[in-house]
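Spelled out from the first residue to the last, the chains are:
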Amino acid sequence: MQQGRGGCVLALKSEKNIEKYKDIVLWGCLHNLSYDTQCEGVRAEYVYHLTTFFCDEAYFVVPIIKAFASLPNRENDLFQHLSKLLSLFAKSGDEDAQLAIMQKYDALYSILLNKCTFDDYDFERDNFELLCIALRHFGDTDNKFKIVCDLGQLIRENSHYDCDCFDWFCFCLENDFGKDGLQTFLSENSQKSDAIKCFYESYLQLKVKKEKAQRKRPPKTVVVSSVEKIKNAKKAKRKRPPKPVVVPSVEKIKNEVASTGRVAPLTKVRFSRLAEYDAKKELAENAVAEVDLDKKAELLSPLFHDSFPLPHEIIIEYTKSEHERLQEVSLGILTNCQSGIVRDYAFSLLQAKKHKAHALRMLLCNYTPEDKQFLLDELNALKVTYRDECDWHTIGFTILDLCAKDKELPKEFLFYIYNTTLCSCCRYAAIRELDKRQWLTPDIIEECRYDSNKNITEYINQNYPV
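Cut-offs applied
Residues numbered from 1 in each chain as written. Predicted model: local features only at pLDDT ≥ 70, side-chain atom pairs only at ≥ 80, totals over all residues. Heavy atoms only, no water. Helix = DSSP H or I, 4+ residues; strand = E, 2+ residues; numbered from the N terminus. Buried < 20%, exposed > 50% of the residue type's maximum accessible area, 1.4 Å probe, protein only. Contact = heavy atoms within 4.5 Å. Areas by Shrake-Rupley, 256 points an atom, 1.4 Å probe, with all protein chains shown as cover. Lys, Arg positive; Asp, Glu negative; His and termini not counted. Charge placed at Lys NZ, Arg CZ, Asp CG, Glu CD. Polar contact = N/O pair within 3.5 Å; in protein donor to acceptor, adjacent residues only side chain to side chain. Salt bridge = Lys/Arg side-chain N within 4 Å of Asp/Glu carboxyl O. Patch = residues over 30% accessible without salt bridge, like charges linked within 9 Å, V, L, I, M, F, W, Y side chains within 5 Å. Core = buried A, V, L, I, M, F, W, Y, C linked by side-chain atoms within 4.5 Å. Axes fitted to C-alpha atoms, helices over the stretch in contact; angles between N-to-C directions. Parallel < 35°, antiparallel > 145°, perpendicular 65-115°, else oblique. Left-handed = near helix turned anticlockwise from the far one by under 90°. pLDDT = per-residue confidence, 0-100. Phe/Tyr/Trp six-rings, centres within 6.5 Å; stacked < 30°, edge-to-face > 60°. Lys NZ or Arg CZ within 6 Å of the ring centre and 35° of its normal.

### What about the overall build of the protein?
Consideration 1: Counting its regular elements, the protein contains 27 helices and zero strands.
Consideration 2: Within the protein, the proportion of its 466 residues that are buried is 46%.
Consideration 3: In the protein, the share of contacts with a sequence separation of at least 24, taken over all contacts with a separation of at least 6, comes to 67%.
Consideration 4: Within the structure as shown, the protein displays about 25700 Å² of accessible surface, and the carbon and sulfur contribution to it stands at 50%.
Consideration 5: Counting 66 positive and 70 negative side-chain charges, the protein places the centres of these two groups 7 Å from one another.

In structure tokens form, the structure reads like this:
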């Protein structure tokens, strides 16, 4: 359930005595199960589906309402989960869930109306916007009318707020009405309500702001004398080659380190992806020659995702440095290095119980069939938690990255990710890699039809229709 896998649905479908799972599902209702809400969203729909097997809404709704009512405003992820979950119960007709959402809506609205001091992040605004988005579905136009009225009144009474503060809600309204339809709705109703008129004016300002942001440069004035000229212009535009990306030189990287003490992130990415082997070797040589350890570490940092282009003994020695940054960068580089000496060093690290996650990634990069069982035992011994103390998430990324580069890893490593990861995005990637190699089993295919991740359910149902 914490992983969001569809096996929970299958268990509730097949088990005769599902009461033993009731408390577990309630626990899922009261906790945000997503590993990364920003990437995955919340899993409220998934847990709500689990509750429907018990035919006892009150058992779940009452404690959810209690948790929701007492939740601190700064708990954004859990707020999003609980509010979405209650909205699903409300849509099914639960009046207590509807009341709980409306009460929270009114409480947050009152806070925003009277708010005069603001921190770096406005948690109450974010939570109120989530409720606006959820509540717009409870009724049709009438409910949207109320929310727009309330926001217009807020914008009028508290000058800190405007439609830019609620741009996600505005985007949702545009999807509901269509952009032209929304403007028609606001224009017509602004004549009936001063609050909606205030919202409408702010919304038009938001539109102008977005249009300006999208417009990189003012369009040239072109006099067109015929349709044929328009067609030719469009063809020429399509054929126009993209501007070449300049590969940062070693000299540029050295200058950045000399002037600022660091290499800019964009410089690192472009150098790592686009620089030729000789340039990377030159940078490595400069890093080795540098005596200042801060500068040495920074010069090595663009090679973080590359195999070290000099003898690996050098970078191994740097991992033993007491300089924290140099050690960190060097360990990262070693996870991409293929050689017998790196493989041996990884085993020595594991034996010494040092840098376990890095050592396992080194072994994966240097995989040999004789290491299979050892690696699987080590992976299965990792404690997969939301805090990720053992770096299981990065290790999973390494497996997926190696598979994407067609490294010949056994299917058990992809099954390991599927069976253990809390990240549904990684599970989705593992499923695609398994499918590419024709390793998906009928059990996994069936389970994936009920996964919490919609990308997974859509992918499976499209490629393996029932």
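That was the structure; now back to the text.
### What to know about the side chain of Asn 158
Consideration 1: Tracing the sequence through the fold places Asn 158 in the loop between helix H9 (141-157) and helix H10 (167-177).
Consideration 2: A polar contact of 2.8 Å, which involves the side chain of Asn 158, links it to the backbone oxygen of Leu 112.
Consideration 3: Setting aside residues up to four positions removed in sequence, Asn 158 forms contacts with Leu 112, Leu 113, Lys 115 and Phe 118.

### Let's talk about the pattern of salt bridges
Consideration 1: Following the criterion strictly, the structure yields 28 salt bridges and no others.
Consideration 2: With its nearest N and O atoms 3.1 Å apart, the salt bridge here joins Asp 401 to Lys 405.
Consideration 3: The class of Asp 401 is partly exposed, set by a relative accessible area of 35%.
Consideration 4: Since its relative accessible area comes to 57%, Lys 405 is described here as exposed.
Consideration 5: What you see here is one network of salt bridges that share partners, running through Lys 268, Glu 298, Arg 325 and Glu 328.

### Description of the environment of Ala 100
Consideration 1: For Ala 100, the location among the structural elements is in helix H7 (residues 95-114).
Consideration 2: Separated by 296 residues in sequence, Ala 100 and Gly 396 have C-alpha atoms that sit 40 Å apart.
Consideration 3: In this structure, Ala 100 is in contact with Ile 65, Phe 68 and Leu 86, ignoring residues within four places of it in sequence.

### Some words on a nonpolar patch on the surface
Consideration 1: On the surface, a cluster of nonpolar side chains totalling about 220 Å² of accessible area is made up of Val 245, Val 247 and Leu 274.
Consideration 2: Position of Val 247 relative to the elements: it lies in the loop between helix H13 (227-239) and helix H14 (250-260).
Consideration 3: Relative accessible area serves as the criterion here: at 37%, Val 247 is assigned to the partly exposed category.

### So, the nonpolar core
Consideration 1: Membership of the largest hydrophobic core comes to 65 residues, with the highest contact counts inside it found for Phe 128, Phe 166, Phe 169, Leu 186 and Phe 199.
Consideration 2: Take this core: its biggest share by element is eight residues, from helix H6 (residues 76-91).
Consideration 3: Beyond its immediate chain neighbours, meaning those up to four positions away, Leu 186 contacts Val 148, Ile 196, Phe 199, Tyr 200 and Tyr 203.
Consideration 4: Ranked by size, the runner-up nonpolar core spans 64 residues in total, among them Val 257, Phe 415, Ile 431 and Ile 444.

### Focus: the packing of helix H20 (residues 340-351) against helix H21 (residues 356-365)
Consideration 1: Their axes nearest at 9 Å, the elements H20 and H21 cross at an angle of 150 degrees. Judged on the interaxial angle alone, H21 and H20 are roughly antiparallel. For the element pair H20 and H21, the recorded crossing hand is left-handed. Along the contact surface, H20 presents Val 342, Arg 343, Tyr 345, Ala 346, Phe 347, Leu 349 and Leu 350, while H21 presents Lys 356, Ala 359, Leu 360, Met 362 and Leu 363.

### Some words on the side chain of Ser 301
Consideration 1: Along the chain, Ser 301 falls in the loop between helix H17 (293-300) and helix H18 (312-318).
Consideration 2: Beyond its immediate stretch of four places on either side in the chain, Ser 301 contacts Val 263, Lys 268, Arg 325 and Val 329.

### Brief notes about the confidence of the model for the protein
Consideration 1: The predicted model of the protein averages 91 in pLDDT, with 93% of residues at 70 or higher.
Consideration 2: The model gives residues 219-227 a pLDDT under 50, and that stretch makes two contacts with residues more than four places away or in other chains.

### Focus on the environment of Leu 86
Consideration 1: Considering the arrangement of structural elements, one finds Leu 86 in helix H6.
Consideration 2: Taking C-alpha positions, Leu 86 is 9.8 Å from Cys 29, a pair spaced 57 residues apart along the chain.
Consideration 3: In contact with Leu 86, not counting residues within four places along its chain, are Ile 64, Ile 65, Phe 68, Ala 97, Ala 100 and Ile 101.

### Things to note about the packing of aromatic side chains
Consideration 1: Counted according to the given criterion, the structure contains 16 aromatic pairs.
Consideration 2: On the basis of an interplanar angle of 10 degrees and a centroid distance of 6.4 Å, the ring pair of Tyr 105 and Tyr 109 is categorised as stacked. Taken together, the positions of Tyr 105 and Tyr 109, both in helix H7 and four residues apart, correspond to about one turn of that helix. With respect to burial, Tyr 105 and Tyr 109 carry one shared label: buried.
Consideration 3: Where Phe 177 meets Phe 185, the ring centres are 4.7 Å apart and the plane angle is 20 degrees; that geometry is what we call stacked.
Consideration 4: Here Arg 125 stacks its cationic end above the ring of Tyr 121, 6.0 Å away from the centre of that ring.

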